[in-house]
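Coordinate analysis (summary)
As a plain string of letters, each chain reads:
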Amino acid sequence: MSAPQLDRRKIVAALLDRRGELLVVAGLGSAAWDCTAAGDHPLTFPLWGAMGSACMMGLGLALAQPGRRVLVVTGDGEMLMGLGSLATIGSHGPRNLAVVVLDNERYGETGMQKTHTAHGVDLAAVARACGFADARIVRSNSEIAPLRAAVHRGRGPLFYQVKVRPKTLPLVLPPRDGAYLKHRFREALLGKKAATD
Amino acid sequence: MSGKTSKAQSATVIDWPAAIHRALKLQRVRQVSYVPDAGHKRLIELCHADKDMAVVPLTTEEEGIGLAAGAWLGGERAALLMQSSGVGNCVNALTLASNCGFPLLIVVTMRGEWGEFNPWQIPMGQATADVLRLGGVRTLRLERAEDALATVTAAAKLAFDGYGAVAVLIGQRMIGTKSFEDKP
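The text that follows walks through the structure, step by step, so that each part is easy to find. (Residues numbered from 1 in each chain as written. Chains lettered and ligands numbered in written order. Predicted model: local features only at pLDDT ≥ 70, side-chain atom pairs only at ≥ 80, totals over all residues.)

**Some remarks on the overall build of chain A**
The helix and strand tally for chain A stands at eight helices and eight strands. Computed over the C-alpha atoms, the radius of gyration of chain A is 16 Å, within 12% of the 16 Å expected from 2.2 N^0.38 for a compact globule of 197 residues. Principal axes of the C-alpha set define a box for chain A whose edges measure 55 × 35 × 30 Å. The buried share of chain A, taken over its 197 residues, is 48%. (Helix = DSSP H or I, 4+ residues; strand = E, 2+ residues; numbered from the N terminus. Rg over C-alpha atoms; globule rule 2.2 N^0.38 Å. Buried ≥ 20, exposed ≤ 12 C-beta atoms within 10 Å, placed from the backbone.)

The structure is reproduced here in structure tokens:
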């Protein structure tokens with residue numbers, strides 16, 4: 001298989017441009033920096049830890065907000081740590097949840113060590129076997145527009161493993177204070193009552 | 001052994017799983033996730049039968065920590081049911097409660113502390129309360145069936161009104177000691 005060519009920042013920018021009502025959970029590390037590079041937003045919750053939890057946060061959010069679209073953007077290493085959550089999501093079948101894994105086949109924050117996907121582990125096949133409504137690997141720029149359409153409008157649960165270049169990019173960091181991130185998300189979504197509920 | 005009330009005992013045995021279910025309802029818990037335990041059998045069934053609850057079986061207990069955080073982001077309250085052996089699986093994810101102040105309500109059925117027949121349950125069972133404390137989780141003990149409603153209600157208030165992680169540890173003595181002689 002040829003080396004991945006897609007640019008992760010362009011992919012995320014395309015997904016989050018004119019994002020409308022989309023609610024976003026970003027997995028720790030590069031995926032969170034990518035989402036921040038596309039524009040820090042109160043309805044994006046970037047994780048700084050709890051590795052492996054991004055998809056499950058997306059599920060809890062999707063169940064609580066069935067009228068909104070929920071997108072989890074994460075990396076291959078983070079996804080591999082929470083692989084069981086694909087079975088949990090697949091068996092529950094939330095129609096408003098999409099997962100996009102930016103797969104550079106590396107642990108980008110710790111020295112670019114290869115992850116299992118560099119050795120052929122097919123996350124999309126796992127998601128498909130777990131019962132996701134659609135799950136596929138994305139390799140070319142021509143697939144980005146359909147990817148965006150699916151994330152914003154497709155019937156979930158959806159899973160896209162986007163093969164991206166393993167390149168170290170400038171850090172674009174979101175706020176680090178978890179309580180602040182939580183409050184601003186809830187206030188933007190639920191209004192002022194979020195502080196007293 | 002399940003928490004099921006047998007006909008012969010119904011006059012004296014308190015239906016504590018129903019009391020816990022009632023406490024969760026009264027505290028507006030809308031998402032319940034679990035890794036099953038025999039001690040949680042009846043409560044799990046009650047939650048599945050409840051149309052106002054989204055019930056999410058998990059592959060591992062730490063998934064429930066993320067689920068509860070996502071639920072709270074979306075304006076809902078969640079509870080997580082597990083056996084004491086699952087507590088150790090949760091440790092790193094508990095940073096969501098400590099760093100972000102996500103409310104977290106865990107109901108733990110204890111093993112390895114009272115007449116345990118399986119020695120492999122004992123190390124985690126004996127460490128459960130300390131592991132939770134080190135992870136920033138407050139714990140309440142439930143030792144008597146008649147206290148189930150009050151204890152789970154108190155824990156829920158501590159969690160949701162106090163923006164923190166709280167676990168109710170249900171004593172193995174109260175649940176009943178499992179043995180291979182017990183049929184499911």
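**Details of the overall build of chain B**
Summing up its helical and strand segments, chain B has seven helices and six strands in all. Secondary structure elements of chain B occur, N-terminal to C-terminal, as α-β-α-β-α-β-α-β-α-β-α-β-α. For chain B, the residues scored as buried account for 48% of the 184 residues in total. For chain B, the proportion of contacts with a sequence separation of at least 24, taken over those separated by at least 6, is 75%. (Contact = placed C-beta atoms within 7 Å.)

**Topic: the sheet that holds strand β8 (residues 158-163) of chain A**
All names here are of chain A. Spatially, the six strands line up as an open sheet ordered β2-β1-β3-β4-β8-β7, and their pairing is parallel. For this open sheet the edge positions go to β2 (44-46) and β7 (134-138), each flanked by a neighbour on one side alone. In this sheet, neighbouring strand axes are inclined to one another by 15 degrees on average, regardless of whether the strands run parallel or antiparallel. Of the strand pairs in this sheet, strand β1 (residues 23-26) and strand β3 (residues 70-75) are connected by four bridges, and their pairing is parallel. Bridge assignment links Val 25 to a residue of β3, and that residue is Val 72. (Pairing = 2+ DSSP bridges. Axes fitted to C-alpha atoms, helices over the stretch in contact; angles between N-to-C directions.)

**As for the interface of chain A and chain B**
Counting residues at the interface gives 28 residues for chain A, matched by 27 residues for chain B. Sorting the residues of the side of chain A that touches chain B by element identifies α3 (54-64), α5 (84-92) and α8 (178-190) of chain A as the ones contributing at least two each. Split into classes, the residues belonging to the side of chain A that touches chain B amount to 16 nonpolar, 10 polar and two charged. (Nonpolar A, V, L, I, M, F, W, Y, C, P; charged D, E, K, R; others polar.)

**A closer look at the pairing of β3 of chain A**
All names here are of chain A. When you tally the buried positions in β3, you get six out of six residues, the bulk of the element. In terms of strand pairing, β3 meets strand β4 (residues 97-103) through six bridges, oriented parallel. Counted as the bridge partner of Val 73 is Val 100 from β4.

**A closer look at helix α2 (residues 30-37) of chain A**
Residues and elements named next belong to chain A. For α2, a buried count of seven out of eight residues is recorded, marking the element as mostly surrounded by other parts of the structure. Ser 30, Ala 31, Ala 32, Trp 33, Asp 34, Cys 35 and Ala 37 are the residues of α2 that are buried. On its buried face, α2 is in contact with α1 (8-16), β1, β2, β3, α4 (76-81) and β4. Looking one or two places after α2, you find Gly 39, whose phi comes out positive at around 125 degrees.

**Some words on the sheet that holds strand β5 (residues 137-142) of chain B**
All names here are of chain B. Across the sheet, six strands lie side by side as β2-β1-β3-β4-β6-β5; this open sheet has parallel pairing. At either margin of the open sheet sits one strand with a lone partner, and together these are β2 (54-57) and β5. Strand-to-strand twist of the sheet, defined as the mean angle between neighbouring strand axes without regard to direction, takes the value 20 degrees. Of the pairings in the sheet, the one linking strand β3 (residues 77-83) to strand β4 (residues 104-109) comprises five bridges and is parallel in character. Bridge assignment links Gln 83 to a residue of β4, and that residue is Thr 109.

**Concerning unusual backbone geometry**
All names here are of chain A. Residue Pro 157 is reached from Gly 156 by a cis peptide bond, and omega for that bond is 0 degrees. With respect to the helices and strands, Pro 157 occurs in the loop between α7 (144-153) and β8. Non-glycine residue Ala 50 carries a positive phi angle of around 55 degrees. Mapped onto the secondary structure, Ala 50 falls in the loop between β2 and α3.

Nothing here speaks to function; it is geometry throughout.
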